Structures are given as C-alpha cells and as structure tokens.
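Take a look at the letters that make up each chain.
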Amino acid sequence: MKAKRLIGMAVVAVVCVTVYTQLTVFVIPPIGVPAEGKTIIIPRQGSTQFIDSPDGMCERKNGGVSLLCRGFAIASVLRDATILVRLPYSSTLYSISTGGKTYDR
C-alpha cells in the first residue's frame, strides 16, 4: 500500500512539473471597448512564463507598458500559439503576471 501511494505521488509530481514547464496561462486584460479580457492556456513559448500577460511581458522587456507594446506582445504570442483552453478574464492571475502592478487601459 505504501508503494502505491509513493508511485501515485511521483506521478502527480511529474504531471505538475510538466504542466509548469510546458504550458502558459496567458491573461489578456480588458483593453478598449468593449472591455472584455480573456485567459487562455497555450503551449509555452520562449519568452513566456507559466502565468503571463502582455503587460507582464512589456514590463520585463521594456520596463513599462504602452498600448503599442501590449499589441505587439499579444500578436507575438497569439501568432504561433495553439490555444488549448479559453477561460474568462481573471484579475488574480493578471495581478500575478505583473507582480501586483496594474496599468491603465
């Protein structure tokens, strides 16, 4: 019984590590009119983190966020991405992706 539990825990650990290293939860904040954000799950790309957003990417690369940078970040991620899951916008995940910072729309 102890061996089965240990094997089960090892399988769960491998699945968690695989998800963390191979997928990105990408949060697109509400921008413009209509203000409707999205959360998508995509395979990890070179410049994305596990939980990421266009604003988080702009902050890391440019030290700030602009509308132009947001547009380029969204386009670069979605251009080559296969969207695995579409979810509603999550302000909590967005906050994680930006390190707790918020930016104007």
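Above this text sits the structure in question.
Starting from 1, residues in each chain are numbered consecutively following that chain's sequence as written. Local features are withheld for residues below a pLDDT of 70 in this predicted model, meaning they are given only at 70 or higher, and side-chain atom pairs are given and counted only at 80 or more; totals for whole chains, interfaces and linings count all residues. For side-chain calculations, the full set of non-hydrogen atoms in the structure is used, while hydrogens and water are omitted.

J.: Honestly, helix α2 (residues 54-62) in this entry has me stumped. Any pointers?
T.: Buried residues of α2: P54, D55, G56, M57 and C58, and no others. We call two residues in contact when some of their heavy atoms are within 4.5 Å. The secondary structure listing takes helices from DSSP runs of H or I that are at least 4 residues long and strands from runs of E that are at least 2 residues long, numbered from the N terminus. Contacts made by the buried residues of α2 are with β1 (23-28), β3 (51-52), α3 (67-80) and α4 (91-97). Two residues or fewer after α2 comes G63, characterised by a positive phi angle close to 75 degrees. Throughout, exposure labels follow a simple rule: accessible area from a 1.4 Å probe, protein chains only, divided by the maximum for the residue type, with under 20% read as buried, over 50% as exposed, and the rest as partly exposed.

J.: Where do I start with the state of the cysteines in this structure?
T.: What is meant by a disulfide is a covalent connection between two cysteines, made through their sulfur atoms. Here, two cysteine sulfur atoms that lie within 2.5 Å of each other are counted as a disulfide. Taken as a whole and judged by the stated rule, the model has one disulfide. A sulfur-sulfur separation of 2.1 Å characterises the disulfide bridge that pairs C58 with C69. Every disulfide takes its handedness from the sign of the S-S torsion; for C58 and C69 that torsion is -110 degrees, giving left-handed. Highlighted residues: C58 in helix α2 and C69 in helix α3, separated in sequence by 11 residues. On the basis of relative accessibility, which here comes to 0%, the residue C58 falls in the buried class.

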